[in-house]
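Overview (structure and organization)
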Amino acid sequence: SCERITGYRAEEFIDNPELLDQIILPEDRNIWFDHRHETTEEPKRGEIQFRIRRKDGEIRWIEHACQGVRNGRDNFLGIRASNRDITKRKQSEESLIESQQEARLLTGKLLKAQESERALLARELHDDITQRLAILNIEVDELEMKHPSLPRSLKEKLRKIGNDLGSLSSDVHMISRQLHPSILYDLG
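None of the values given here were measured: they were computed from a predicted structure.

Cut-offs used in this document
- Residues numbered from 1 in each chain as written.
- Predicted model: local features only at pLDDT ≥ 70, side-chain atom pairs only at ≥ 80, totals over all residues.
- Heavy atoms only, no water.
- 1 Å grid on protein atoms, 1.4 Å probe; cavity = no way out; pocket = protein on both sides within 12 Å on 5 of 7 lines; lining within 4 Å.
- Points joined across faces, edges and corners; volume = space filled by probe spheres on them.
- Helix = DSSP H or I, 4+ residues; strand = E, 2+ residues; numbered from the N terminus.
- Nonpolar A, V, L, I, M, F, W, Y, C, P; charged D, E, K, R; others polar.
- Expected span 1.5 Å × (residues − 1).
- Buried < 20%, exposed > 50% of the residue type's maximum accessible area, 1.4 Å probe, protein only.
- Contact = heavy atoms within 4.5 Å.
- Salt bridge = Lys/Arg side-chain N within 4 Å of Asp/Glu carboxyl O.

Thoughts on the layout of surface pockets
- Its volume calculated, the largest pocket comes out at about 470 Å³.
- The wall of the largest pocket is formed by 23 residues, among which L20, W32, H64, A81 and N83 lie closest to the centre.
- Of all the elements in the fold, those that place two or more residues in the lining of the largest pocket are α1 (2–6), α3 (19–23), α4 (29–41), β1 (46–53), β2 (59–70) and β3 (76–85).
- Of the residues forming the lining of the largest pocket, the biggest block, five residues, is contributed by α4.
- By residue class, the composition of the lining of the largest pocket is 13 nonpolar, eight polar and two charged.

What to know about helix α6 (residues 152–179)
- Taking 1.5 Å as the rise per residue, α6 with 28 residues should run 40 Å; its terminal C-alpha atoms sit 40 Å apart, in good agreement.
- Among all positions in α6, only K155, L158, G162, L165, S169, V172, S176 and L179 are buried.
- Looking at the packing, one finds that the buried side of α6 touches α5 (87–146).

Describing the pattern of salt bridges
- Under the defined criterion, the tally for this structure stands at 18 salt bridges.
- Note that E58 and R54 form a salt bridge whose closest N and O atoms lie 3.8 Å from each other.
- On the basis of relative accessible area, R54 is assigned to the buried category, the value being 15%.
- When the shortest N-O distance is used, the salt bridge between E93 and K90 registers 3.6 Å. Of this pair, E93 and K90 are both found in helix α5, three residues apart, which corresponds to roughly one turn of the helix.
- Exposure remark for K90: the relative accessible area of 15% places this residue in the buried category.
- Through salt bridges that share partners, R54, D56, E58, R60 and D85 make up one connected network.

Structure, rendered in structure tokens:
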């Protein structure tokens, strides 16, 4: 398993006790040295993860677990350790993190597109529809003023239409503000 994980035979590690230190990536060596210092100062159970460069140059993730070994009289005998290749798991974790970042970016773009659409719709409602309703309301008022001889029931009907147009205009204006509140424009 030593050769399968590192590309080096066990004998090469025995012949060169510093080989493990040498194949650990420079940016991960402090993790290894700190761990080794802690476990030799006070032998205890410990686990760390670091990367190595195999003999063929490939980078692999290693999970190292160790524990101090004592005899029945509580004398320290050494350290029992195991190393496991967790490269596939780390690659999966990195891929998941990248996917989550992509999902956040896409969500942000989707929200931005939604807000743009809402702002456009709100602007159309405010600038076009409410203006047209206001013009209709003015025309109804003018119709009543230009024709004072209209029957009373027709004048009341025109006033009601004018009031309904004003109310409808206010409702459309309120909907446009709810679609894209000015605070979004002001504060983002």
